[in-house]
Amino acid sequence: MVNIQKFAARWHWPWLLAVGLAGLVYANTLGNGFTYDDTPIIVNNPTIRSLADVPRLFLTGYWEHRQSGGNNYRPLLATTLAVDYALWRLHPVGYHLTNLLLHAANTAWVWWLLRCYRAAPWLALLAALVFAVHPVHTEAVANVVGRAELLGMCFGGLMWWSWVQARRNAEHAGRWRALAAAAYLVAMLSKENMVVLPAALWLAEVLRVRRHLWRVGWSAWWTTTRPFFWLAIPWLPYAGLRLVSQQGFQPTGVLSGNPLYAQTFWERLVTMAGVSLEWYRLVFLGFPLKPWYDAHNLALTPVWSWRTGLGGLVTLGLVVGAVAAVRRFPLLTFAVGFWFITLALVSNIIAPLWTPLGERWLYVPSVAYAIAVAWVLVRLGGMNSQQPAAAWRVGVSVGTALVLFIGYAYGTSRRNLDWQSDWRLFTRFLETDPQHPLPYTSLAHAWQTTDPAQARAYYEQALARVPNFFPALLGLAQLDLREGRIEAAHARLGQMVAAKPPEVVPTDADRGLVHALYARTLALQGDTAHALEQIAEARRYGLRDAPTLTSCAITYVTLGQPAEAESLLREALDLGVDTPTIRFNLGAVLLRQGRPDEAERHFAAALRLDPSFAPARLALDRLRPADTP
């Protein structure tokens, strides 16, 4: 017979095992580069280039430098990226190290907070281990900008812990609740969906004293609920900051790829009943994983089908089971409640978002799954009592846990490597979802300069699946320009300009780039007046977008106006758009004007920003004599 409870009780620091495993499983992310959304949010983001600009991050939207209307407000995330940039510039290892440490801290929170509610040490450890290695977390941890989820949970954990300390220390309860309110505010400033955390905390506190509440009645409910008004206080500065920064509480503009935007509440409820099967698949199995979900790989119509029915039944079963478990198994009730509460804002039911589903959104809700799995393993092994458990039961439980942990850890380690580069990420996406146009388009982007023929083939495959797929049309126009197919590029871009939806509002960097490229085709055809009109539109839509501004500068040079190109590029630097391409093109313009010394400084600056930037290296080699160090 094995007394597993005494064994766990003697083990004073089991959380270190979970934290160490989290660090070990994600250690291979330290060799990854910047991938996917890292490029626009870090590599091409002028707003994080200087710590002096940090106050401005609290007065603008997260995507505002590229696209208006998303109303994503995450100034704390942007601040941490600015700190990382100050420390590491564009060397990704430091950014990935920050993410790894945050995930390790969150794993520790899972352990400590469960112990705060007197969960058995063995159960808390198993839950922390499941959370540490679950593959669905790879997007949040391995993709740098997934840090929003990591930060939100980290400060949400601080809020939770401070609240428990206030309950335990009545003399200083006010101070602890003030700290909880401050942590809650920081969590919301990290990621919008953290606003629901007080509801999950309230559920935990109610379940903790459930018997007292049933016995005493409404007065006890009021006593338990009243302190939560402390957590309403952070809403005042949070709402105020969103108002000042002109970020509303619902996305506006073009919600591309998400037809849920046009559906009623009840229609979205039906649609998401079917989509919920994807949530359950991801959290139970953890594979296959994809970087993007939309109408191309999900059924997003409010039509009853077997998926809708099954998803609805699973959801209903979870709710009924949670209610039935309140008296005997409150931890299961909490797990189910936590799952639905933390998914509420990203479910697309309350309000439609930019995309119907995201793997990183499961980072916090997956705590519920970790708790449920740990509870099942503890019950399976007979570890839920002080009496010694049968050795065979403990063996079955431990064996099951090992199989689960090894499988998850292996899947996570492999998936981390997919996030090394866009090429690897979208090659894997193509394998798992060959009918989606995005992986073809992204792979074409990666091949544009090295293998134009392969890039064109990928773009054409994307358009064969979705003929009006905007990123593929834009990429193909860029490729046409590179290869000198001016007429083809002019026709394609002209159609894109004419087809621009009326709800597109500045800023929209992709639309800005369309206008900038169209201006280049007009300039090459000698249409100066219309080219200048398109430059004006491009600068209106892509005011701080490096590709847009670079293309506008090239157009000015084509029109014989190098001074205008220099002015535009210097203005970009003044706005903080300090990228290798901006520096290189400014150097090229200065060299064209017979100012080689100034040009050399900007070529060198481009290489400092990105030592692998080949055009700047080639330009410097041509400028400097062979014997110059």
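Just so you know, these numbers come straight off a predicted model, no measurement behind them. (Residues numbered from 1 in each chain as written. Predicted model: local features only at pLDDT ≥ 70, side-chain atom pairs only at ≥ 80, totals over all residues. Heavy atoms only, no water.)

Caption draft 1: Seen up close, the side chain of Asp508. With respect to the helices and strands, the residue Asp508 is situated in the loop between helix H24 (486-498) and helix H25 (509-524). Despite its burial, Asp508 remains without a salt bridge, the nearest opposite charge being carried by Arg511 at 4.9 Å. Beyond its immediate sequence surroundings of up to four residues, Asp508 is in contact with Arg66, Gln67 and Tyr541. (Helix = DSSP H or I, 4+ residues; strand = E, 2+ residues; numbered from the N terminus. Buried < 20%, exposed > 50% of the residue type's maximum accessible area, 1.4 Å probe, protein only. Lys, Arg positive; Asp, Glu negative; His and termini not counted. Salt bridge = Lys/Arg side-chain N within 4 Å of Asp/Glu carboxyl O. Contact = heavy atoms within 4.5 Å.)

Caption draft 2: Spotlight on the packing of helix H28 (residues 562-574) against helix H29 (residues 580-592). The geometry of H28 relative to H29 is characterised by a closest axis approach of 10 Å and an angle of 150° between their N-to-C directions. Accordingly, the angle class assigned to the pair H28 and H29 is roughly antiparallel. Remark: the crossing between H28 and H29 carries left-handed chirality. Packed against H28, whose contacting residues are Pro562, Ala565, Glu566, Leu569, Arg570, Ala572 and Leu573, the element H29 presents Ile582, Arg583, Asn585, Leu586, Val589 and Leu590 at the interface. Considered class by class, the residues forming the contact of H28 with H29 number 9 nonpolar, 1 polar and 3 charged. (Axes fitted to C-alpha atoms, helices over the stretch in contact; angles between N-to-C directions. Parallel < 35°, antiparallel > 145°, perpendicular 65-115°, else oblique. Left-handed = near helix turned anticlockwise from the far one by under 90°. Nonpolar A, V, L, I, M, F, W, Y, C, P; charged D, E, K, R; others polar.)

Caption draft 3: Looking closely at the environment of Ser305. As for its position among the elements, Ser305 is in the loop between helix H15 (265-284) and helix H16 (306-324). Along the primary structure Ser305 and Arg115 are separated by 190 residues, whereas in three dimensions their C-alpha atoms are 43 Å apart.

Caption draft 4: Helix H6 (residues 92-116), seen in detail. Look at H6: 36 Å from first C-alpha to last across 25 residues, which is about the 36 Å you get at 1.5 Å a residue. Arg118 lies just past H6 and shows a positive phi near 65°. (Expected span 1.5 Å × (residues − 1).)

Caption draft 5: Representation of a nonpolar patch on the surface. A contiguous nonpolar patch, built from Leu51, Val83, Leu87, Trp88, Val93, Leu97 and Leu101 and spanning about 610 Å² of accessible area, is present on the exposed surface. For the nonpolar patch, the elements supplying multiple residues, two or more each, are helix H5 (75-88) and H6. Given the relative accessible area of 34%, Leu97 is considered partly exposed. (Patch = residues over 30% accessible without salt bridge, like charges linked within 9 Å, V, L, I, M, F, W, Y side chains within 5 Å. Areas by Shrake-Rupley, 256 points an atom, 1.4 Å probe, with all protein chains shown as cover.)

Caption draft 6: Region of the structure containing the pattern of salt bridges. One pass over the full model with this rule turns up 24 salt bridges. A salt bridge links Arg74 to Glu192; the nearest nitrogen and oxygen atoms lie 3.0 Å apart. Linking Arg74 in the loop between helix H4 (54-57) and H5 with Glu192 in the loop between helix H10 (173-190) and helix H11 (197-208), this pair joins segments that are 118 residues apart in sequence. The buried category is assigned to Arg74, whose relative accessible area is 12%. Notably, a salt bridge pairs Glu598 with Arg595, separated by 3.0 Å at the nearest N-O pair. The class of Glu598 is partly exposed, set by a relative accessible area of 24%.

Caption draft 7: Layout of H25. Between its terminal C-alpha atoms H25 stretches 23 Å, which fits the 22 Å expected from 16 residues at 1.5 Å a residue. Counting buried positions along H25 yields 13 of 16 residues, so the element is predominantly enclosed. Backbone geometry just after H25 places Gly526 at a positive phi near 85°.

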